[in-house]
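Coordinate inspection notes
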Amino acid sequence: MAEHSNPGRTVYDTIVVGAGIQGSFTAYHLAKNGKKTLLLEQFLLPHSRGSSHGQTRIIRKAYVEDFYTKMMAECYQLWAQLEQESNTELCRQTGLLLISAEQDPDFQATWKTLGANQVPREYLAPDQFRKRFPGVTLKPGEAAFNDHSGGVLYADKALKAVQDCFRRMGGTIRDGEKVTEIRPGEEVMVKTPSLVYRAKSLVITAGPWASKVLRPLGLKLPLQTLGINVCYWKEKVPGAYGVTHKFPCFIVINVNGSKHSVYGLPSNEYPGLIKICCHSGNSVDPDVRDVPLQSPTLHDIQLLRDFVRTYFPGLEPEPAIVERCMYTNTPDENFILDRHPHFKNIVLGAGFSGHGFKLSPVVGKLLCELSMGKEPSYSMEPFRVARFPNKLQASL
Ligand SMILES: Cc1cc2nc3c(=O)[nH]c(=O)nc-3n(C[C@H](O)[C@H](O)[C@H](O)COP(=O)(O)OP(=O)(O)OC[C@H]3O[C@@H](n4cnc5c(N)ncnc54)[C@H](O)[C@@H]3O)c2cc1C
């Protein structure tokens, strides 16, 4: 009898909780390593209640931190491999403009990181910028550079591709099954309203629900869940900021010297509309998040209206579409990729802080390596649970 026809009686090598992009890539790598893997998802797939849905994400090597830029080198290879395996175009290179006050330390550091890693980059002085991108108005003192590796990732297609490949390798996905209880042990027991499952190891990639899943396991992590308004803006001349006109992705860091950053992607998925969003949001519980749009908490949309008026004179300064998504932030905005401090066969991936999609092929590989007891391919230092004080509840 095929193992997936009797999931309640099978002892899996690994169960992965949460079929967002991180859990799905973890399951994919486990299956590639010949592991009998079950991927559990609380909602029916596909769904739009977590962090991995939507048409597009930015992919780039431009990071302040050298370790992310290095991980991205392998991510590009793994994305290309998934494109081949799924016979689907998942990435489109457009370049990524990083825009900021010229002396901004993050701007300078990112330029240096790209250089140190031999990533093709191009500095654009204000005059050059004006000629190249007449539809964008920089403020006095601002400068830009292009990370030529930057581009668009087709997120919904990517999630489907990785899940399809996982299934083709013999993996089992059970959706519409919320994990309600985890009992640690040499064999971990995982309960949903339908069945009780058992596995030698467990990976928890529950996105915005990570705190809720981890708290009963004695782990209290400083994760903040944010509701993000994903705004699309109408082009006055359709296509003027479009992929076909070779308009790039962009990030404006520390807008007006604040800690706010704004990013955008060329018009593509909805013709005539360009996506521009704040890299910040409003604190919400993932289960109680559906506030009406008129809410006074929509500070981010006001900030974006002002931003669009200033930088993008070729756009209507009122969002045409607002979709919803969620970030799960750590205090330092670095991910959490580690073993549970007490239960070594329980691994967690959380806190992707609004920049985890592009890195998911390597995140999945690392979580797979941790759960298989292998030496991780990268230094795990930036991602450890131990960097947070008071992470264990008194009961443990
Ligand atoms: C608006 C927006 C823009 C972004 N832009 C970018 C970008 O340009 N570039 C980039 O790299 N990243 C970007 N990101 C970040 C990226 O999308 C996230 O880091 C990534 O999707 C996180 O994936 P995840 O698998 O951790 O979470 P999720 O996708 O939320 O997956 C977690 C899954 O776990 C399931 N789950 C939770 N609890 C349980 C349970 N008890 N039982 C069963 N299942 C459970 C959930 O239902 C969910 O499906 C963006 C995010 C947003 C919201």
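For clarity, every value in this text was computed on a predicted model and none was experimentally measured. Throughout this description, residue numbers start from 1 for each chain and increase along the sequence as written. Owing to the predicted nature of the model, reporting of local features is limited to residues with pLDDT of at least 70; listing and counting of side-chain atom pairs is limited to 80 or more, with chain, interface and lining totals taken over all residues. With hydrogens and water excluded, all non-hydrogen atoms of the structure serve as input to the side-chain values.

With respect to the overall build of the chain
Helices and strands together make up the secondary structure of the chain, namely eight helices and 20 strands. Relative to the compact-globule value of 21 Å for 396 residues, the chain shows a C-alpha radius of gyration of 21 Å, a close match. Here the C-alpha coordinates of the chain stretch approximately 65 × 45 × 40 Å along the principal axes. A burial count over the chain gives 55% of its 396 residues as buried. Note on contacts: a residue pair is in contact if any heavy atoms of the two residues lie within 4.5 Å. Intrachain contacts of the chain at a sequence separation of at least 6 include 74% that bridge at least 24 residues. Method for areas: the Shrake-Rupley scheme with a 1.4 Å probe, in which residue coverage is limited to the protein chains shown. As presented, the chain carries roughly 16,900 Å² of accessible surface, and 52% of it is formed by carbon and sulfur atoms. Of the side-chain charges in the chain, 46 are positive and 39 negative, and the distance between the mean point of each set is 2 Å. What counts as a helix is a DSSP run of H or I of at least four residues, what counts as a strand is a run of E of at least two, and both are numbered from the N terminus. It is over C-alpha atoms that the radius of gyration is taken, and the globule rule equals 2.2 Å times the number of residues to the power 0.38. For every residue, the accessible area (1.4 Å probe, protein chains only) is compared with the maximum for its type, and the residue is labelled buried under 20%, exposed over 50%, or partly exposed between those bounds. By the counting scheme adopted, Arg and Lys are positive, Glu and Asp are negative, and His together with the chain ends is not counted. In plain terms, the charge of a residue is placed at NZ if it is Lys, CZ if Arg, CG if Asp and CD if Glu.

Remarks on the pattern of salt bridges
Only one rule defines a salt bridge in this text: a Lys or Arg side-chain nitrogen within 4 Å of an Asp or Glu carboxyl oxygen. According to the stated counting rule, one finds 18 salt bridges in the structure shown. Across the salt bridge formed by Glu187 and Arg198, the nearest N and O atoms sit 3.3 Å from each other. Separated by 11 residues along the polypeptide, Glu187 in the loop between strand E10 (181-183) and strand E11 (188-191) and Arg198 in strand E12 (residues 196-204) bring together distant segments of the chain. When its relative accessible area of 38% is taken as the criterion, Glu187 is described as partly exposed. Residue classification places Arg198 among the partly exposed residues on the basis of a relative accessible area of 30%. Through salt bridges that share partners, Lys160, Asp164 and Arg167 make up one connected network.

As for the confidence of the model for the chain
The score called pLDDT rates the predictor's confidence residue by residue, from a low of 0 to a high of 100. Per-residue confidence for the chain gives a mean pLDDT of 94; residues scoring 70 or more make up 95%. Considering each helix and strand of the chain separately, the mean pLDDT is smallest for strand E17 (residues 282-283), with a value of 90, and largest for helix H1 (residues 21-32), with 99.

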